[in-house]
Amino acid sequence: MNSAARNQPPDLRDLLAFYAEAGAYDALVEEPVNRFEENKRPAVEAAPHPHPAKNGERETPTAMPPSSRPSRGERKGEGPAPISRPKAAVPDGAQAALARELAANSSTLDELREHMARFEGCNLKFTAKNTVFADGNPDAAVMLVGEAPGRDEDVEGLPFVGRSGQLLDRMLAAIGLDRNSVYIANVIPWRPPGNRTPTPHETEICRPFIERQIELADPKLLITLGGPSAKLLLNTVDGILRLRGNWRSHVTASGVSIPTMPTLHPAYLLRNPAHKKLAWRDFLEVKARLKQLG
Ligand code: URA
């Protein structure tokens with residue numbers, strides 16, 4: 001870029017396209033905020049946060065004071081007060097411990113859904129529109145677990161409703177299944193901004209929720225979709241191309257071992273259609289195993 005071009009203000013259309021690409025669709029507040037004026041705010045706005053940050057914990061920058069910022073739950077009508085200890089947005093050990101406690105204290109899927117909708121210990125929730133809990137039949141013999149919601153899933157609040165979901169539906173139909181005969185969830189229930197890969201810390205925060213969801217749904221067979229889901233639920237560092245196609249076990253907190261088929265993620269298959277035949281073989285394995293189970 002020459003210096004004349006560098007000195008040009010950015011084209012607004014380019015800037016908006018850049019934001020859209022990065023996943024920033026919504027303004028957090030109606031009015032623009034002049035960040036240069038922030039240091040000049042009256043003292044009352046600079047009053048201490050009701051839940052001060054602990055030990056290097058950072059707070060999410062918010063345009064509204066935290067006390068007046070509606071919780072996601074309030075905005076979505078997902079339930080009453082948010083659960084957070086402390087009210088901080090950056091994951092830390094305390095948030096992970098709280099997630100474990102809430103998951104363990106959920107004795108039904110409905111309770112778990114409610115706890116997750118009110119939990120505010122994961123950064124991802126602050127940029128997501130919805131908590132994407134599950135779709136399908138919780139009593140189904142087969143449960144599928146993907147990675148994290150994308151844009152369509154975030155908008156609709158349901159897993160696998162976008163392009164990869166449509167491919168997934170066709171894959172299920174090929175072995176005689178549909179959303180009434182499977183239960184579908186994700187490792188991460190909140191869309192990462194711009195569909196970025198969730199950080200290991202965010203994944204650890206969400207781990208107790210998906211593990212408890214599997215335990216409560218108690219499927220006969222589990223299918224993991226893509227590497228992150230397989231690695232987390234099978235407790236391995238092996239890559240998906242090595243793992244796929246071989247039955248493994250997911251062991252729940254109460255020690256129940258669930259036969260698990262790791263397979264390729266539909267989004268990967270959309271990018272690499274030549275590998276659909278591998279996923280097809282994996283789904284045939286599932287079909288055969290289901291037949292054995294009767
Ligand atoms: N990819 C996923 O892993 N999950 C979804 O729900 C959608 C796309």
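Provided above is the structure to which this section pertains.
Residues numbered from 1 in each chain as written. Predicted model: local features only at pLDDT ≥ 70, side-chain atom pairs only at ≥ 80, totals over all residues. Heavy atoms only, no water.

**Q** Give me unusual backbone geometry: which residues, what numbers.
**A** The residue Phe 160 is not glycine, and still its phi comes out positive at about 50°. With respect to the helices and strands, the residue Phe 160 is situated in the loop between helix 7 (151-156) and helix 8 (163-174). In this structure Phe 160 comes out as buried when scored by relative accessible area, which is 5%. A positive phi angle, close to 60°, is found at Asn 195, a residue other than glycine. As for its position among the elements, Asn 195 is in the loop between strand 3 (182-186) and helix 9 (200-217). Judged by its relative accessible area of 46%, Asn 195 is partly exposed. (Helix = DSSP H or I, 4+ residues; strand = E, 2+ residues; numbered from the N terminus. Buried < 20%, exposed > 50% of the residue type's maximum accessible area, 1.4 Å probe, protein only.)

**Q** I'd like a rundown of the pairing of strand 6 (residues 257-263), residues and numbers included.
**A** Among the seven residues of strand 6, five are classified as buried, and the element is accordingly described as predominantly covered. Pairing of strand 4 (residues 221-225) with strand 6, which is carried by four bridges, proceeds in the parallel orientation. By the bridge assignment for strand 6, Ile 223 is matched with Met 261. Pairing geometry for strand 5 (residues 248-251) and strand 6, over four bridges, is antiparallel. Each residue of the ladder has a partner; that of Val 251, found in strand 6, is Ser 257. Adjacent in sequence and paired antiparallel, strand 5 and strand 6 are bridged by five residues, among which Gly 255 carries a positive phi angle near 90°. (Pairing = 2+ DSSP bridges.)

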